[in-house]
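Here is how the chains run, residue by residue.
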Amino acid sequence: MKNIISFFFLISFIGIVYGFTNLDSQDDDPAGKQIFVDSKCVSCHSIEAVGLTTKSKKKNIPDLSDVGTRHNADFIMKFVTKQETLNDAQHPMAFKGSDEELLTLAKWLESLKVSEEEKKVE
Ligand code: HEC
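Residues numbered from 1 in each chain as written. Predicted model: local features only at pLDDT ≥ 70, side-chain atom pairs only at ≥ 80, totals over all residues. Heavy atoms only, no water.

**Here's the deal with the coordination of the iron atom of the ligand**
Convention followed: Only N, O and S atoms count as donors, using a 2.8 Å limit from the metal and a wider 3.2 Å limit for Na, K and Ca, and since water is excluded some coordination spheres may look unfilled. Between 85 and 135 degrees for all angles marks four donors as tetrahedral; over 155 degrees for opposite donors together with 65 to 115 for all other angles marks four donors as square planar and six as octahedral; every other arrangement is irregular. Numbering of helices and strands starts at the N terminus; helices are DSSP runs of H or I of at least 4 residues and strands are runs of E of at least 2. Type-normalised accessible area, obtained with a 1.4 Å probe on protein chains alone, sets the label of each residue: buried when under 20%, exposed when over 50%, and partly exposed for intermediate values.
Within the protein, the atoms that donate to the iron atom of the ligand are His45 (NE2) and His91 (NE2), at distances of 1.9 Å. Seen from the iron atom of the ligand, its six donor atoms lie at angles of 86 to 179°, and the figure they make is octahedral. Placement of His45 in the loop between helix 2 (31–38) and helix 3 (73–80) and of His91 in the loop between helix 3 and helix 4 (99–110) is noted, with a sequence separation of 46 residues between them. The same class applies to His45 and to His91, which are both buried.

Put into structure tokens, the structure is as follows:
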């Protein structure tokens, strides 16, 4: 009997922990967004679609709300590590994190496909 009760508690415990971690990753702060902020990308880029606004006043820096309609993750990874160019120019900043972070970041950016119309609604 005791065993069944501890088993029950164990299962509930796992359920709760799993529920929390799941909530975390599905919340409006995906891992890629966190890496984007932590890597100071936001010091230049806004992503208005996910509520990120840069303090930079420069006009030539694109908002990345719909970057996924222009580039795939593979290109983004190469571009921000300066192995690819855009309009014959390298990205002004090289990503310094791990390969894993780079992949998470690039996949997240690839998923951003807010259309111009949706942006205007905001
Ligand atoms: C020093 C300012 C600066 C920082 C910091 C910066 N970027 Fe950029 N980024 C730019 C500029 C300027 C361009 C436009 C380049 C062009 O169009 O030739 C750009 C372009 C891009 C593009 C292509 C956008 C498009 O619409 O084609 C991606 C993707 C990108 N940056 C990702 C990142 C990521 C990820 C980080 C953080 C690791 C980051 N950037 C940090 C200035 C910056």
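**Points about the environment of Thr81**
To keep it simple, the criterion reads: The contact definition used throughout considers only heavy atoms, calling two residues in contact when any of these lie within 4.5 Å. A 3.5 Å cut-off defines polar contacts: any pair of N or O atoms within that distance qualifies, except that in protein one atom must be a possible hydrogen donor and the other a possible acceptor, and neighbouring residues in sequence count only when both atoms are side-chain atoms.
Structurally, the position occupied by Thr81 is in the loop between helix 3 and helix 4. Here Thr81 falls in the partly exposed class, since its relative accessible area comes to 23%. Through-space distance from the C-alpha of Thr81 to that of Ala94 is 4.9 Å; in sequence the pair is 13 residues apart. Residue contacts for Thr81: discarding those within four places in its chain leaves Phe95 and Leu102. For Thr81, the side chain forms a polar contact with the main-chain oxygen of Met77, separated by 2.6 Å. A distance of 3.3 Å separates a polar side-chain atom of Thr81 from the backbone oxygen of Lys78.

**Examining a negative patch on the surface**
Convention followed: To count toward a patch, a residue needs a relative accessible area above 30% and no salt bridge. Like charges then connect within 9 Å, nonpolar side chains (Val, Leu, Ile, Met, Phe, Trp, Tyr) within 5 Å. Where accessible areas are quoted, they stem from the Shrake-Rupley method and a 1.4 Å probe; at the residue level, only the protein chains shown are allowed to cover. Any Lys or Arg side-chain nitrogen located within 4 Å of an Asp or Glu carboxyl oxygen qualifies as a salt bridge. We count Lys and Arg on the positive side and Asp and Glu on the negative side, and we leave His and both chain ends out. Where a charge lies is defined by one atom per residue type, namely NZ (Lys), CZ (Arg), CG (Asp) and CD (Glu).
Taken together, the side chains of Asp38, Asp99, Glu100 and Glu101 define an acidic patch exposed on the protein surface. Looking at which element gives the most residues to the negative patch, the answer is helix 4, with three residues. As for its placement among the helices and strands, Asp99 is situated in helix 4.

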